[in-house]
Amino acid sequence: MAARKALILGSTGQVGTELQRSFRGYGEVIAWDRRQADLIHPDEIARQILREQPSVVVLAAAYTAVDKAESEPDLAMAINARAPGVLARACAEAGALFITYSTDYVFDGSQAAPWRESDGTRPLNRYGLSKLEGEHLVRQAGGRYLIFRTSWVYGPDGKNFFLTMLRLGSERDELGIVADQVGSPTSSIAIAEATRAVADRMASLSASEAEARSGIYHMTCGGRCSWYEFAKHIFTQCEDMLKGRQPRVRPLTSEEYPVPAIRPKNSVMNNQKLADTFGVRLPQWQDGFAQVLHQLRLHQH
Ligand SMILES: NC(=O)c1ccc[n+]([C@@H]2O[C@H](COP(=O)([O-])OP(=O)(O)OC[C@H]3O[C@@H](n4cnc5c(N)ncnc54)[C@H](OP(=O)(O)O)[C@@H]3O)[C@@H](O)[C@H]2O)c1
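What counts and how
- Residues numbered from 1 in each chain as written.
- Predicted model: local features only at pLDDT ≥ 70, side-chain atom pairs only at ≥ 80, totals over all residues.
- Heavy atoms only, no water.
- Helix = DSSP H or I, 4+ residues; strand = E, 2+ residues; numbered from the N terminus.
- Rg over C-alpha atoms; globule rule 2.2 N^0.38 Å.
- Buried < 20%, exposed > 50% of the residue type's maximum accessible area, 1.4 Å probe, protein only.
- Contact = heavy atoms within 4.5 Å.
- Lys, Arg positive; Asp, Glu negative; His and termini not counted.
- Charge placed at Lys NZ, Arg CZ, Asp CG, Glu CD.
- Expected span 1.5 Å × (residues − 1).
- Bend = angle between axes of the 7 residues up to and from the residue.
- 1 Å grid on protein atoms, 1.4 Å probe; cavity = no way out; pocket = protein on both sides within 12 Å on 5 of 7 lines; lining within 4 Å.
- Points joined across faces, edges and corners; volume = space filled by probe spheres on them.
- Nonpolar A, V, L, I, M, F, W, Y, C, P; charged D, E, K, R; others polar.
- Pairing = 2+ DSSP bridges.
- Axes fitted to C-alpha atoms, helices over the stretch in contact; angles between N-to-C directions.
- Parallel < 35°, antiparallel > 145°, perpendicular 65-115°, else oblique.
- Left-handed = near helix turned anticlockwise from the far one by under 90°.
- Salt bridge = Lys/Arg side-chain N within 4 Å of Asp/Glu carboxyl O.

Caption draft 1: The overall build of the chain, seen in detail. Within the chain one finds ten helices and twelve strands. For the chain, the C-alpha radius of gyration of 19 Å lies close to 19 Å, the compact-globule estimate for 301 residues. In terms of its C-alpha atoms, the chain occupies a principal-axis envelope of roughly 60 × 40 × 40 Å. Burial analysis of the chain (301 residues in total) assigns 53% to the buried set. For the chain, contacts bridging at least 24 residues in sequence account for 81% of all contacts bridging at least 6. Here the chain contributes 35 positive and 34 negative side-chain charges, whose respective centroids are spaced 2 Å apart.

Caption draft 2: Representation of helix α3 (residues 73-94). With 22 residues, α3 extends 31 Å between its outermost C-alpha atoms, agreeing within 8% with the 32 Å of an ideal straight helix rising 1.5 Å per residue. Where α3 bends most, at R82, the angle is about 30°, and the proline P84 comes one to four residues later. In the segment just after α3, G95 is the residue with positive phi, at about 75°.

Caption draft 3: A look at empty space enclosed by the protein. Inspection of every chain in the model, using the stated rule, returns one cavity of 30 Å³ or more. If you add up the space inside the largest cavity, you get close to 80 Å³. Listing elements by their share of the lining of the largest cavity, those giving two or more residues are α3, β4 (97-103) and α4 (126-141). No other element matches the four residues that α4 contributes to the lining of the largest cavity. For the lining of the largest cavity, a count of residues per class yields eight nonpolar, four polar and two charged.

Caption draft 4: Representation of the sheet that holds β4 in the model. If you trace the six strands from one edge of the open sheet to the other, you get β2-β1-β3-β4-β5-β10, paired in parallel fashion. Only two strands of the sheet have a single partner each, and these edge strands are β2 (28-32) and β10 (215-218). Between one strand axis and the next, the sheet turns by 20° as a mean value, whatever way the strands run. With four bridges connecting them, strand β3 (residues 56-59) and β4 associate as parallel partners. The residue bridging V58 from the neighbouring strand is I99, located in β4.

Caption draft 5: The packing of helix α5 (residues 161-169) against helix α8 (residues 227-237), seen in detail. Where α5 contacts α8, the axes come no closer than 10 Å and their chain directions differ by 60°. Taken together, the axis directions place α5 and α8 in an arrangement best described as oblique. Of the two elements, α5 crosses α8, and the hand of that crossing is right-handed. Residues F161, F162, M165, L166 and G169 of α5 form the contact with α8, whose participating residues are W227, F230, A231, I234 and F235.

Caption draft 6: Representation of the pattern of salt bridges. By the definition in use, this model includes 14 salt bridges. A salt bridge links R196 to D200, with the shortest nitrogen-to-oxygen separation between them at 3.2 Å. Here D200 and R196 lie together in helix α6 (residues 188-203), a separation of four residues that amounts to about one turn. Look at R196 and you get buried, because its relative accessible area is 14%.

This is how it looks when you write it as C-alpha coordinates:
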(Lines give C-alpha, C1' and ligand atoms only; values in the text may rest on other atoms or scores of the structure.)
Protein backbone atom coordinates (compact mmCIF):
# COMPACT_ATOMS: atom_id res chain seq x y z
CA MET A 1 0.00 0.00 0.00
CA ALA A 2 1.30 3.48 -0.90
CA ALA A 3 2.40 5.69 2.02
CA ARG A 4 -0.36 7.95 3.26
CA LYS A 5 -0.08 11.64 2.50
CA ALA A 6 -2.23 14.43 3.97
CA LEU A 7 -2.46 17.90 2.47
CA ILE A 8 -3.79 20.57 4.86
CA LEU A 9 -4.87 23.90 3.36
CA GLY A 10 -5.22 26.92 5.65
CA SER A 11 -2.28 26.16 7.93
CA THR A 12 -2.47 29.55 9.70
CA GLY A 13 -6.16 29.27 10.72
CA GLN A 14 -7.55 28.03 14.03
CA VAL A 15 -8.53 24.59 12.74
CA GLY A 16 -5.60 24.39 10.31
CA THR A 17 -3.13 24.93 13.16
CA GLU A 18 -4.64 22.12 15.22
CA LEU A 19 -4.89 19.78 12.21
CA GLN A 20 -1.12 19.93 11.91
CA ARG A 21 -0.97 18.49 15.44
CA SER A 22 -3.75 15.91 15.06
CA PHE A 23 -2.36 14.53 11.77
CA ARG A 24 1.05 13.81 13.30
CA GLY A 25 1.93 10.19 12.59
CA TYR A 26 -0.57 9.98 9.73
CA GLY A 27 2.20 9.57 7.17
CA GLU A 28 3.58 12.48 5.17
CA VAL A 29 1.86 15.76 6.11
CA ILE A 30 2.03 18.86 3.95
CA ALA A 31 0.49 22.09 5.28
CA TRP A 32 0.09 25.12 3.03
CA ASP A 33 -0.85 28.68 3.90
CA ARG A 34 -2.33 31.39 1.71
CA ARG A 35 1.04 32.18 0.06
CA GLN A 36 1.47 28.58 -1.05
CA ALA A 37 -2.18 28.01 -1.97
CA ASP A 38 -4.37 31.07 -2.57
CA LEU A 39 -8.03 30.08 -2.88
CA ILE A 40 -8.53 32.96 -5.30
CA HIS A 41 -6.68 30.71 -7.77
CA PRO A 42 -8.14 27.27 -7.10
CA ASP A 43 -7.12 25.86 -10.51
CA GLU A 44 -3.46 26.24 -9.52
CA ILE A 45 -4.11 24.35 -6.26
CA ALA A 46 -5.99 21.69 -8.22
CA ARG A 47 -2.91 21.16 -10.37
CA GLN A 48 -0.75 20.87 -7.24
CA ILE A 49 -3.15 18.24 -5.86
CA LEU A 50 -2.87 16.19 -9.04
CA ARG A 51 0.93 16.48 -8.84
CA GLU A 52 1.20 15.62 -5.11
CA GLN A 53 -1.34 12.75 -5.21
CA PRO A 54 -2.32 13.03 -1.51
CA SER A 55 -4.59 10.41 0.05
CA VAL A 56 -6.54 13.13 1.89
CA VAL A 57 -6.93 16.90 1.43
CA VAL A 58 -8.32 18.89 4.36
CA LEU A 59 -9.48 22.35 3.37
CA ALA A 60 -9.53 24.42 6.57
CA ALA A 61 -9.04 27.77 4.82
CA ALA A 62 -12.13 29.87 4.19
CA TYR A 63 -13.45 33.41 4.05
CA THR A 64 -14.53 33.60 7.72
CA ALA A 65 -15.13 37.34 8.20
CA VAL A 66 -18.88 36.95 8.69
CA ASP A 67 -19.76 40.68 8.91
CA LYS A 68 -17.35 41.77 6.17
CA ALA A 69 -18.92 39.22 3.82
CA GLU A 70 -22.04 41.43 3.70
CA SER A 71 -20.01 44.01 1.76
CA GLU A 72 -17.73 41.51 -0.08
CA PRO A 73 -20.21 38.84 -1.20
CA ASP A 74 -18.39 38.03 -4.45
CA LEU A 75 -15.10 37.43 -2.68
CA ALA A 76 -16.83 35.24 -0.06
CA MET A 77 -18.49 33.24 -2.86
CA ALA A 78 -15.21 32.78 -4.74
CA ILE A 79 -13.36 31.50 -1.67
CA ASN A 80 -16.15 29.58 0.10
CA ALA A 81 -17.98 28.14 -2.88
CA ARG A 82 -16.03 28.15 -6.14
CA ALA A 83 -12.69 27.10 -4.60
CA PRO A 84 -13.98 24.07 -2.60
CA GLY A 85 -15.88 22.92 -5.71
CA VAL A 86 -12.72 23.02 -7.85
CA LEU A 87 -10.61 21.31 -5.16
CA ALA A 88 -13.20 18.59 -4.55
CA ARG A 89 -13.20 17.84 -8.30
CA ALA A 90 -9.40 17.59 -8.31
CA CYS A 91 -9.59 15.19 -5.35
CA ALA A 92 -12.19 13.04 -7.12
CA GLU A 93 -9.84 12.87 -10.10
CA ALA A 94 -6.80 12.09 -7.92
CA GLY A 95 -8.69 9.49 -5.86
CA ALA A 96 -8.13 11.51 -2.67
CA LEU A 97 -10.60 11.97 0.18
CA PHE A 98 -11.70 15.63 0.33
CA ILE A 99 -12.61 17.07 3.74
CA THR A 100 -13.88 20.55 4.41
CA TYR A 101 -15.95 22.53 6.93
CA SER A 102 -19.25 24.32 6.78
CA THR A 103 -21.28 26.20 9.33
CA ASP A 104 -24.37 26.44 11.52
CA TYR A 105 -25.07 29.68 9.61
CA VAL A 106 -26.61 27.63 6.77
CA PHE A 107 -29.67 27.46 9.08
CA ASP A 108 -32.05 30.28 9.96
CA GLY A 109 -32.12 29.38 13.66
CA SER A 110 -35.90 29.31 13.81
CA GLN A 111 -36.48 25.83 15.24
CA ALA A 112 -36.15 24.95 18.92
CA ALA A 113 -34.67 21.45 18.45
CA PRO A 114 -31.00 20.91 17.55
CA TRP A 115 -30.52 21.03 13.77
CA ARG A 116 -30.11 17.75 11.90
CA GLU A 117 -28.39 17.25 8.55
CA SER A 118 -31.78 16.56 6.96
CA ASP A 119 -33.30 19.88 8.10
CA GLY A 120 -33.94 22.57 5.52
CA THR A 121 -31.31 25.29 5.09
CA ARG A 122 -32.00 29.02 4.84
CA PRO A 123 -28.95 31.20 5.48
CA LEU A 124 -29.62 34.62 7.01
CA ASN A 125 -26.35 36.16 5.85
CA ARG A 126 -23.92 36.25 2.89
CA TYR A 127 -21.29 34.15 4.64
CA GLY A 128 -23.85 31.37 5.29
CA LEU A 129 -25.02 31.64 1.69
CA SER A 130 -21.47 31.24 0.36
CA LYS A 131 -20.79 28.22 2.62
CA LEU A 132 -24.07 26.59 1.54
CA GLU A 133 -23.18 27.08 -2.14
CA GLY A 134 -19.77 25.52 -1.33
CA GLU A 135 -21.58 22.46 0.09
CA HIS A 136 -23.57 22.10 -3.16
CA LEU A 137 -20.49 22.34 -5.38
CA VAL A 138 -18.52 19.82 -3.29
CA ARG A 139 -21.39 17.35 -3.41
CA GLN A 140 -21.66 17.80 -7.19
CA ALA A 141 -17.96 17.03 -7.63
CA GLY A 142 -18.47 13.39 -6.64
CA GLY A 143 -15.72 11.15 -5.30
CA ARG A 144 -15.14 10.66 -1.59
CA TYR A 145 -15.87 13.78 0.45
CA LEU A 146 -16.86 14.88 3.94
CA ILE A 147 -18.34 18.23 4.88
CA PHE A 148 -18.31 18.88 8.61
CA ARG A 149 -20.69 21.61 9.74
CA THR A 150 -19.36 23.14 12.89
CA SER A 151 -20.08 26.24 14.98
CA TRP A 152 -18.72 28.90 17.34
CA VAL A 153 -15.10 27.83 16.77
CA TYR A 154 -12.43 29.01 19.18
CA GLY A 155 -9.05 27.77 20.34
CA PRO A 156 -5.72 28.77 21.83
CA ASP A 157 -4.66 30.57 18.61
CA GLY A 158 -6.15 32.97 16.13
CA LYS A 159 -9.08 35.36 16.21
CA ASN A 160 -12.00 34.11 18.27
CA PHE A 161 -14.57 35.02 20.93
CA PHE A 162 -12.61 33.38 23.75
CA LEU A 163 -9.38 35.32 23.12
CA THR A 164 -11.36 38.53 22.51
CA MET A 165 -13.08 38.08 25.90
CA LEU A 166 -9.71 37.55 27.60
CA ARG A 167 -8.43 40.81 26.09
CA LEU A 168 -11.55 42.88 26.78
CA GLY A 169 -11.98 41.32 30.23
CA SER A 170 -8.57 42.57 31.27
CA GLU A 171 -9.34 46.11 30.01
CA ARG A 172 -12.94 46.78 31.09
CA ASP A 173 -15.10 46.56 34.20
CA GLU A 174 -18.32 45.76 32.37
CA LEU A 175 -19.20 44.06 29.09
CA GLY A 176 -22.54 43.67 27.32
CA ILE A 177 -22.84 40.27 25.62
CA VAL A 178 -25.63 38.86 23.44
CA ALA A 179 -27.80 36.45 25.43
CA ASP A 180 -30.51 35.50 22.93
CA GLN A 181 -28.39 33.40 20.55
CA VAL A 182 -27.63 29.85 21.67
CA GLY A 183 -25.09 27.45 20.22
CA SER A 184 -22.31 25.03 21.04
CA PRO A 185 -18.85 26.54 21.47
CA THR A 186 -16.57 24.11 19.64
CA SER A 187 -12.84 23.98 20.16
CA SER A 188 -10.45 23.82 17.22
CA ILE A 189 -8.64 21.01 19.07
CA ALA A 190 -11.79 18.86 19.26
CA ILE A 191 -12.55 19.49 15.57
CA ALA A 192 -9.02 18.55 14.50
CA GLU A 193 -8.98 15.38 16.60
CA ALA A 194 -12.39 14.29 15.32
CA THR A 195 -11.32 15.03 11.73
CA ARG A 196 -8.27 12.80 12.12
CA ALA A 197 -10.37 9.99 13.67
CA VAL A 198 -12.85 10.11 10.80
CA ALA A 199 -10.06 10.25 8.19
CA ASP A 200 -8.53 7.11 9.72
CA ARG A 201 -11.91 5.40 9.72
CA MET A 202 -12.50 6.29 6.05
CA ALA A 203 -9.02 4.95 5.16
CA SER A 204 -9.91 1.58 6.69
CA LEU A 205 -12.93 1.19 4.37
CA SER A 206 -13.08 0.01 0.76
CA ALA A 207 -13.46 2.77 -1.86
CA SER A 208 -17.16 1.97 -2.34
CA GLU A 209 -17.88 1.86 1.42
CA ALA A 210 -16.05 5.17 1.85
CA GLU A 211 -17.98 6.70 -1.03
CA ALA A 212 -21.25 5.55 0.55
CA ARG A 213 -20.33 7.42 3.73
CA SER A 214 -19.51 10.63 1.87
CA GLY A 215 -21.77 13.48 2.87
CA ILE A 216 -22.54 16.23 5.34
CA TYR A 217 -22.04 15.67 9.06
CA HIS A 218 -22.67 17.95 12.00
CA MET A 219 -19.56 18.22 14.17
CA THR A 220 -19.84 20.36 17.29
CA CYS A 221 -19.07 19.96 20.96
CA GLY A 222 -21.96 18.75 23.12
CA GLY A 223 -24.30 20.91 25.18
CA ARG A 224 -25.39 24.48 24.56
CA CYS A 225 -25.11 28.00 25.95
CA SER A 226 -25.59 31.62 24.90
CA TRP A 227 -22.68 33.96 24.12
CA TYR A 228 -23.47 35.62 27.46
CA GLU A 229 -23.12 32.31 29.33
CA PHE A 230 -19.96 31.48 27.39
CA ALA A 231 -18.44 34.86 28.39
CA LYS A 232 -19.31 34.28 32.05
CA HIS A 233 -17.75 30.81 31.89
CA ILE A 234 -14.57 32.28 30.38
CA PHE A 235 -14.30 34.93 33.12
CA THR A 236 -14.78 32.48 35.99
CA GLN A 237 -12.37 29.90 34.55
CA CYS A 238 -9.69 32.45 33.60
CA GLU A 239 -9.71 34.71 36.65
CA ASP A 240 -5.91 34.60 36.87
CA MET A 241 -5.54 35.82 33.26
CA LEU A 242 -7.55 39.04 33.63
CA LYS A 243 -4.91 41.20 35.27
CA GLY A 244 -6.82 41.41 38.54
CA ARG A 245 -10.18 42.35 36.99
CA GLN A 246 -13.46 40.42 37.17
CA PRO A 247 -15.71 42.24 34.68
CA ARG A 248 -19.49 42.31 35.13
CA VAL A 249 -21.30 40.73 32.19
CA ARG A 250 -24.57 42.31 31.12
CA PRO A 251 -26.99 40.32 28.92
CA LEU A 252 -27.96 42.01 25.64
CA THR A 253 -30.53 41.19 22.98
CA SER A 254 -29.34 40.85 19.37
CA GLU A 255 -31.20 44.12 18.66
CA GLU A 256 -29.10 45.90 21.30
CA TYR A 257 -25.89 44.73 19.57
CA PRO A 258 -26.36 45.51 15.87
CA VAL A 259 -23.86 43.99 13.43
CA PRO A 260 -23.99 43.82 9.61
CA ALA A 261 -24.71 40.06 9.38
CA ILE A 262 -27.83 38.60 11.00
CA ARG A 263 -27.09 35.50 13.13
CA PRO A 264 -29.44 32.56 13.82
CA LYS A 265 -31.06 32.49 17.28
CA ASN A 266 -30.66 28.72 17.67
CA SER A 267 -27.40 27.31 16.27
CA VAL A 268 -27.36 24.07 18.26
CA MET A 269 -26.73 21.02 16.06
CA ASN A 270 -27.50 17.33 16.52
CA ASN A 271 -24.31 15.24 16.13
CA GLN A 272 -25.87 11.77 16.11
CA LYS A 273 -25.09 11.00 12.45
CA LEU A 274 -21.35 11.46 13.06
CA ALA A 275 -21.51 9.20 16.12
CA ASP A 276 -23.58 6.52 14.37
CA THR A 277 -21.51 6.46 11.17
CA PHE A 278 -17.97 6.82 12.52
CA GLY A 279 -18.22 6.26 16.28
CA VAL A 280 -16.85 9.78 16.81
CA ARG A 281 -18.26 12.19 19.39
CA LEU A 282 -16.76 15.51 20.45
CA PRO A 283 -16.54 16.42 24.17
CA GLN A 284 -19.09 18.57 26.01
CA TRP A 285 -18.27 22.22 25.36
CA GLN A 286 -17.07 22.81 28.95
CA ASP A 287 -14.60 19.90 28.62
CA GLY A 288 -13.45 21.18 25.23
CA PHE A 289 -12.90 24.55 26.89
CA ALA A 290 -10.80 23.02 29.69
CA GLN A 291 -8.58 21.41 27.04
CA VAL A 292 -8.08 24.73 25.22
CA LEU A 293 -7.27 26.48 28.47
CA HIS A 294 -4.72 23.81 29.33
CA GLN A 295 -3.08 24.25 25.90
CA LEU A 296 -3.04 28.04 26.27
CA ARG A 297 -1.42 27.85 29.70
CA LEU A 298 1.24 25.49 28.28
CA HIS A 299 1.96 28.01 25.47
CA GLN A 300 2.34 30.80 28.00
CA HIS A 301 4.91 29.00 30.13
N1 LIG B 1 -14.71 30.37 13.21
C2 LIG B 1 -15.96 29.90 13.40
O3 LIG B 1 -16.63 30.25 14.37
C4 LIG B 1 -16.56 28.90 12.44
C5 LIG B 1 -17.87 28.48 12.64
C6 LIG B 1 -18.43 27.55 11.77
C7 LIG B 1 -17.66 27.05 10.72
N8 LIG B 1 -16.38 27.49 10.54
C9 LIG B 1 -15.61 26.95 9.40
O10 LIG B 1 -14.55 26.18 9.92
C11 LIG B 1 -13.42 26.26 9.02
C12 LIG B 1 -12.18 26.67 9.79
O13 LIG B 1 -12.42 27.96 10.36
P14 LIG B 1 -11.37 28.70 11.30
O15 LIG B 1 -12.13 29.32 12.40
O16 LIG B 1 -10.22 27.79 11.58
O17 LIG B 1 -10.88 29.86 10.30
P18 LIG B 1 -9.85 31.05 10.60
O19 LIG B 1 -9.15 30.83 11.87
O20 LIG B 1 -10.59 32.32 10.35
O21 LIG B 1 -8.80 30.84 9.43
C22 LIG B 1 -9.13 31.04 8.10
C23 LIG B 1 -7.97 30.56 7.27
O24 LIG B 1 -8.31 30.75 5.90
C25 LIG B 1 -7.22 31.36 5.27
N26 LIG B 1 -7.63 32.09 4.08
C27 LIG B 1 -8.51 33.11 3.98
N28 LIG B 1 -8.58 33.52 2.70
C29 LIG B 1 -7.74 32.73 1.98
C30 LIG B 1 -7.37 32.65 0.62
N31 LIG B 1 -7.86 33.50 -0.31
N32 LIG B 1 -6.49 31.70 0.23
C33 LIG B 1 -5.96 30.86 1.14
N34 LIG B 1 -6.25 30.89 2.45
C35 LIG B 1 -7.14 31.82 2.87
C36 LIG B 1 -6.61 32.27 6.32
O37 LIG B 1 -5.33 32.62 5.95
P38 LIG B 1 -4.61 33.99 6.51
O39 LIG B 1 -4.08 33.61 7.87
O40 LIG B 1 -3.54 34.24 5.52
O41 LIG B 1 -5.67 35.04 6.55
C42 LIG B 1 -6.67 31.32 7.52
O43 LIG B 1 -5.62 30.40 7.49
C44 LIG B 1 -13.85 27.22 7.91
O45 LIG B 1 -14.35 26.49 6.84
C46 LIG B 1 -14.98 28.01 8.53
O47 LIG B 1 -15.87 28.51 7.57
C48 LIG B 1 -15.80 28.39 11.38
